[in-house]
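# Residue-level structural notes
One-letter residues, chain by chain:
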Amino acid sequence: MTHAVTLLAPAKINLALAVTGKRADGYHELRSVFATIDLADRVRVAPYRRLVVRLVPDVGAPPGGELADRAVHAMAQAARRDPGAFVHVRKRIPVAAGLGGGSSDAGAVLRALATIWQRPDLDLVALAATLGSDVPFFASGARVALVSGRGERVEALTGLAPTHIVIVRLGARLATADVFAALRSEDRQADGAVDALLHGFAQHAVSPQLLRDNARNDLLGAAERLCPAVADARSRAAEHGIALALSGSGPTLFAVADDHRHALRTARALRRIGLAARVHTLGG
Ligand code: C5P
């Protein structure tokens, strides 16, 4: 009998994100290169007679914040069991930031329950797609992947060397649905950047420069329109020669560095202009 399983649930950034179409169900078709980073929630799942989900610290009710709860229900239904589990999430990933925190927690819950209930046969990526568009990536366990469709197709990518990045957190929260709703057709420009990244992975030639050149996100315009702090931070960083890219639907921004020293220097320069910048690594 497996007792409790504890997993790290990493945050992600979108190295590039292209919106390629709108679907009849209101969702958008995407092509995005996702990568985990070394910032993670810790998720502990234990068998229990009923369902309890506890987030510490209590981050309030973020949009989609009930995802861990829904993950237990989806998994229980697939496994034909009662949804009994005690889920404890130690939150470190900021909420509604474009870092996929809630989705990563849900992915970790699915993986933990597959172990506890001894159901390696269940298709966790397909189950994850019923919970949210970012969850399949996390359920897959990939560190880097091309994610497409609504988010349900995940193809792992290999060959990313340890890469330092600087993450800039803005105080604001953005709801993904609002950002997609503010998207304009002229915003759609990042498909070529996704192709360039995929080419780099296929050629085993992914450099910081390639990542910087192709850090394009079709949701940037919409995020800037909804959250002026995004445009403000990017233009102030640009005055110091630092290009900040948007992760997911924002408002978190990132810059890819050449190496650790460059990352530290970049973070210091950003902090001097009042931005909350921290060094992280990709693929964590
Ligand atoms: O799937 P998820 O619940 O994370 O999506 C949140 C919202 O973001 C959706 O309700 C939808 O408005 C928008 N969305 C979209 N196309 C996607 C993913 C999300 O339009 N591929």
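Here is what the cut-offs are and how they apply
Residues numbered from 1 in each chain as written. Predicted model: local features only at pLDDT ≥ 70, side-chain atom pairs only at ≥ 80, totals over all residues. Heavy atoms only, no water. Helix = DSSP H or I, 4+ residues; strand = E, 2+ residues; numbered from the N terminus. Expected span 1.5 Å × (residues − 1). Buried < 20%, exposed > 50% of the residue type's maximum accessible area, 1.4 Å probe, protein only. Arc of directions from axis to C-beta. Contact = heavy atoms within 4.5 Å. Domains from an automatic or database assignment. Buried area = accessible area lost by both parts, 1.4 Å probe. Salt bridge = Lys/Arg side-chain N within 4 Å of Asp/Glu carboxyl O. Nonpolar A, V, L, I, M, F, W, Y, C, P; charged D, E, K, R; others polar. Phe/Tyr/Trp six-rings, centres within 6.5 Å; stacked < 30°, edge-to-face > 60°. Lys NZ or Arg CZ within 6 Å of the ring centre and 35° of its normal.

## Side note on helix 6 (residues 191-202)
Across its twelve residues, helix 6 extends 17 Å between first and last C-alpha, which sits within 8% of the 16 Å expected from 1.5 Å per residue. Of the positions making up helix 6, those classed as buried are A193, V194, L197, L198, G200 and F201. Projection of helix 6 onto a plane perpendicular to its axis shows the buried side chains occupying an angular sector of 155°, all on one side. The outward face of helix 6, more than 90 degrees from its buried face, is lined by the exposed residues H199 and A202. Here the buried face of helix 6 lies against strand 1 (5-22), strand 2 (28-46), strand 5 (144-149) and helix 7 (208-213). Downstream of helix 6 by a residue or two, H204 has a phi angle that is positive, lying close to 55°.

## Points about the domain arrangement of the chain
Accessible area lost upon the coming together of the parts is a frequently used measure of interface size. We note that the domain assignment places domain 1 (5-156) and domain 2 (164-281) within the chain. For domain 1 versus domain 2, the separation of C-alpha centres amounts to 23 Å. At the interface, 30 residues of domain 1 touch 34 residues of domain 2. Summed over both partners, the interface of domain 1 with domain 2 comes to about 2500 Å²; 62% of that surface belongs to carbon and sulfur atoms. Here domain 1 is connected to domain 2 by two salt bridges. For D195, the salt bridge is made with R31, and the minimal N-O distance between the two is 2.8 Å. Broken down by secondary-structure element, the contributors of at least two residues to the side of domain 1 that touches domain 2 are strand 1, strand 2 and strand 5. Take the side of domain 1 that touches domain 2: its biggest share by element is eleven residues, from strand 1. Here the side of domain 1 that touches domain 2 is built from residues that sort into 20 nonpolar, six polar and four charged.

## A closer look at the packing of aromatic side chains
Inspection of the entire model under this criterion finds three aromatic pairs. Note on F34 and F137: the rings are 5.0 Å apart at their centroids and 50° apart in plane angle, and the pair reads as tilted. Placement of F34 in strand 2 and of F137 in helix 4 (residues 135-140) is noted, with a sequence separation of 103 residues between them. Judged on exposure class, the residue F34 and its partner F137 are both buried. Ring centres of F137 and F138 lie 5.2 Å apart, and the angle between their planes is 65°; on these two criteria the pair is classed as edge-to-face. Among the residues examined, F137 registers a relative accessible area of 0% and is labelled buried. Ring-pair connections join several aromatic residues into one group, and the members of that group are F34, F137 and F138. The aromatic ring of Y27 is capped on one face by R150, whose charged end is 4.2 Å from the ring centroid.

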